[in-house]
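Fold and contact review
The chain contents come next:
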Amino acid sequence: MPDDASITPGRPLDQPDPNDARPWRTQLENTQRRTPDMARELTEDERALAEDMVARARVAQKQIEDWSQAQLDRLSQAIAWHAGNEKTFTRLAQQGVDESGIGDRAGRPAKRFKIHMVLRDVLRTPSTGIVEVDEARGLVKYAKPAGVIASLIPMTNPAMTPPVTGVSSANARNAVIFSPHPRTAQTTWEMTEVMRNACRVAGAPEDLFQAIRQPSIPLTQYLMQICDLTLATGGKPMVQAAYSSGKPAYGVGAGNSSIVIDETADIDIAAQNTRISKTSDFGSGCSADGNIIIQRSIYDQMVAALEAEGGYLCSAEEKALLEKAMWDEKGNRTFPTIACRPQQTADVAGFSIPEDRKFLMVENQGQIGPEHKFSKEKLTTLMALYHFETFDDALETVSQIYAVGGTGHSCGIYSHNDENIDRLARLAPVSRMMVRQPQSKANAGAWTNGMPMTSSLGCGIWGGNITNENVTMKHMMNYTWVSRPIAEDRPSEEELFGEFFGQEVA
């Protein structure tokens, strides 16, 4: 909970406290819990704690190394049920919002479907023994555990990320130590206890899952050094620390999702999906629609449809106030305007909007670049609007936006023109592109697309990551390739070198 003791415990922090006579803006400023300065040396107690946790994790992992696929699947089912049943997940998801002060308290419990989808994918994927056979090439692949995993948990999903990781990790016969964000350490701790209980019920060692109770930067850094693999789901400093640990790590990159809407789109569906994506958990996710690039011939209709979905189009004066409120003098996003209701953002900026409005819109045509803040990632219920004449113009706008930020993450398009879809896919420097889908509800997997469900979105070399894929169970395993001899597969030199074969070479 916030450090300020005058804030009523359990109150959603995006609403005024009826027991506090101070102005709402003052309350918000006082709920900005700064992370303590933890840039210090590792203490001996922390070193001993980390080493003990890893030792216990290795013992637990050893106990399930010979489990059958059926036993591992049953364990994953137990973890998913205990963590993902409606009662438990709702309590902890809302606790995470209360503890951090950001996010949608009413909407976040719906994220439990992600646990269900991960379980679906895991139950369809072999994780022990022979997992792949290619008879033509004489290859057989065996799956082995990765080992002890350090999982860094972001404050935006302290209840969801542990079980999403845990369902996969346990099936792959790994153990996980969760290092929570300091603002949401209690929620992550309690979810880990739920998962430990699931292990006991399934007859597995509870130390397959552990959580750091009092996280610090030195402790987390040391943990990453002595574990076998790190999953870094969170901000840039967290990912950089994981990559500098000296051990393998999967990181994620920043988002700045940009959505192209051409004149073949179904405007009402595009507007509805944009609202769904933008308002999910008050825009806390990196996949939330940040930039909407609309063909000029349908621009006015699309803006009207977005307003019908609850959008509020800010005036030039209101846009200027928002920029001052949302970014500090160093260009960093300000805490009271992150992942909150649009009314809160407007209030902090110094103006008001109707209570029925669900998100803010600012027109940003021609204003793209590092100096133009609204062309960057917003992380709240606000989107920037652009328009284009020809599809070439749309592609140029996309290129300019990703030169500012979000390279490697994601984009989307509402179009029934396959040529336009193809052209955007060829140009956009992103790892995933959603076609006619609510971006933040689709990128990481959905019941109605084929993306693997995850809480960690790799952004490839563009985003400073090692993979472009959605990080899933297959990334938490080692593999042994067994190769048997096959008939010689050796093309002639004429086939290999084509027209260049036999040419005189200086």
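Residues numbered from 1 in each chain as written. Predicted model: local features only at pLDDT ≥ 70, side-chain atom pairs only at ≥ 80, totals over all residues. Heavy atoms only, no water.

An unreviewed UniProt entry annotates the protein chain as Aldehyde dehydrogenase family protein of Thalassococcus lentus.

**A short note on the layout of surface pockets**
Rolled over the atoms, a probe sized like a water molecule indicates the empty space that remains. The computed volume of the second largest pocket comes to approximately 350 Å³. Asp-121, Pro-452, Thr-472, Met-473 and Lys-474 are, among the 23 residues lining the second largest pocket, the residues nearest its centre. Those elements giving two or more residues to the lining of the second largest pocket turn out to be α5 (113-123), α6 (161-171) and β15 (477-483). Here the lining of the second largest pocket is built from residues that sort into 11 nonpolar, nine polar and three charged. (1 Å grid on protein atoms, 1.4 Å probe; cavity = no way out; pocket = protein on both sides within 12 Å on 5 of 7 lines; lining within 4 Å. Points joined across faces, edges and corners; volume = space filled by probe spheres on them. Helix = DSSP H or I, 4+ residues; strand = E, 2+ residues; numbered from the N terminus. Nonpolar A, V, L, I, M, F, W, Y, C, P; charged D, E, K, R; others polar.)

**Notes on the confidence of the model for the protein chain**
For the protein chain, per-residue confidence averages 92 on the pLDDT scale, and residues scoring 70 or more make up 92% of the total. Counting interchain partners and residues more than four positions distant, the pLDDT-below-50 stretch residues 1-38 has 73 contacts. (pLDDT = per-residue confidence, 0-100. Contact = heavy atoms within 4.5 Å.)

**A short note on the pattern of salt bridges**
Should their charged atoms come close, side chains of opposite charge can pair. Under the definition given, this model contains 23 salt bridges. Where Lys-111 meets Asp-281, a salt bridge forms, and the shortest distance between an N and an O atom there is 3.1 Å. Note that Lys-111 is positioned in the loop between α4 (86-100) and α5 and Asp-281 in the loop between α10 (267-279) and β9 (291-295), a separation of 170 residues in sequence. Residue Lys-111 shares its accessibility class with Asp-281, and that shared class is buried. For Glu-132, the salt bridge is made with Lys-141, and the minimal N-O distance between the two is 3.1 Å. Among the residues examined, Lys-141 registers a relative accessible area of 14% and is labelled buried. (Salt bridge = Lys/Arg side-chain N within 4 Å of Asp/Glu carboxyl O. Buried < 20%, exposed > 50% of the residue type's maximum accessible area, 1.4 Å probe, protein only.)

**Topic: the sheet that holds strand β2 (residues 139-145)**
Taken together, the three strands give an open sheet; going across it, the order is β1-β2-β15, and neighbouring strands pair in antiparallel fashion. The open sheet is flanked by β1 (129-134) and β15, the only strands paired with a single partner. Across this sheet, the average inter-strand angle for adjacent strands is 25°, counted without regard to direction. (Pairing = 2+ DSSP bridges. Axes fitted to C-alpha atoms, helices over the stretch in contact; angles between N-to-C directions.)

**What to know about the environment of Thr-161**
Position of Thr-161 among the secondary structure elements: in helix α6. A relative accessible area of 1% means that Thr-161 is categorised as buried. With 250 residues separating them along the chain, Thr-161 and Cys-411 place their C-alpha atoms 23 Å apart. Apart from residues no more than four positions distant in its own chain, Thr-161 is found in contact with Ile-153, Pro-154 and Ser-455.

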